[in-house]
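# A look at the structure
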Amino acid sequence: GASRAFDTIYQNTTGKPLFIVVTVSCLATSETYAWIGSSSPPGTLVASVAYGQANNPYLCLPFIVPVSYYYKIATAGTPGLQYWTETQIG
């Protein structure tokens, strides 16, 4: 799939809902948020993770993006992107 980046708005133009799983490393004061919406910028918070523990810093944000909706992974601090997968549903 296409490469993805934090704090960038994307639109689901696949014609099918997307199931997205973003895995991040959140240490210290890092936070990560998944936003979706029917207009840009997306305004509905659907998942968030923060403050992973040092011995288990990897956290997942699973969420669904309806057809034509916009989505963004917003951050605070400096979380690390481990994986970002997008799977069409149906």
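Note that the structure is a prediction, hence the values are computed from the model and not measured. (Residues numbered from 1 in each chain as written. Predicted model: local features only at pLDDT ≥ 70, side-chain atom pairs only at ≥ 80, totals over all residues. Heavy atoms only, no water.)

## Some words on the pairing of strand 4 (residues 44-50)
Put simply, the rule is: When DSSP finds at least two bridges between two strands, those strands are taken to pair. Put simply, DSSP marks the helices as runs of H or I at least four residues long and the strands as runs of E at least two long, and each gets a number from the N terminus on.
Here strand 3 (residues 31-37) pairs with strand 4 via 6 bridges, running antiparallel. In the strand pairing of strand 4, A34 is matched with A47. Between strand 3 and strand 4, which pair antiparallel one after the other, the connecting turn spans 6 residues.

## Here's the deal with unusual backbone geometry
Going from S40 to P41, the amide bond is cis rather than trans, its omega being 0 degrees. With respect to the helices and strands, the residue P41 is situated in the loop between strand 3 and strand 4. In this model, D7 sits at a positive phi of 60 degrees, which is unusual for a non-glycine residue. Inspection of the secondary structure assignment puts D7 in the segment before strand 1 (10-11). Backbone geometry at S68 places phi at a positive 75 degrees, although glycine is not the residue there. Turning to its location among the elements, S68 is positioned in the loop between strand 5 (58-65) and strand 6 (70-76).

## Quick look at the pattern of salt bridges
What counts, and what does not: Salt bridges are identified by distance alone: a Lys or Arg side-chain nitrogen within 4 Å of an Asp or Glu carboxyl oxygen. Under the scheme applied here, a residue whose accessible area is under 20% of the maximum for its type counts as buried, over 50% as exposed, and between as partly exposed, the area being computed with a 1.4 Å probe on protein chains only.
For the structure shown, the criterion picks out 1 salt bridge. For R4, the salt bridge goes to E86, with nearest N and O atoms at 2.9 Å. You can see R4 sitting in the segment before strand 1 and its partner E86 sitting in strand 7 (residues 80-88), a full 82 residues away along the chain. Owing to a relative accessible area of 28%, E86 belongs among the partly exposed residues under this scheme.

## A look at the environment of N12
Short version of the rule: In this description, contact between two residues means that some pair of their heavy atoms is separated by no more than 4.5 Å. As used in this structure description, the phrase polar contact means that two N or O atoms lie within 3.5 Å; if the pair is within protein, one of them must be able to donate a hydrogen and the other to accept it, and residues adjacent in sequence are counted only when both atoms belong to side chains.
If you trace the backbone, N12 turns up in the loop between strand 1 and strand 2 (18-25). Once the C-alpha coordinates of N12 and Y70 are considered, the two residues, 58 residues apart in sequence, prove to be 6.2 Å apart. The contacts of N12, once residues within four sequence positions are left out, are P17, L18, V65, P66, V67, S68, Y69 and Y71. Among the polar contacts listed, one links the side chain of N12 to the backbone oxygen of K16, at a separation of 2.8 Å. Here the side chain of N12 touches V65 through a polar contact of 3.1 Å, landing on its backbone oxygen.

Structural measurements only, silent on function.
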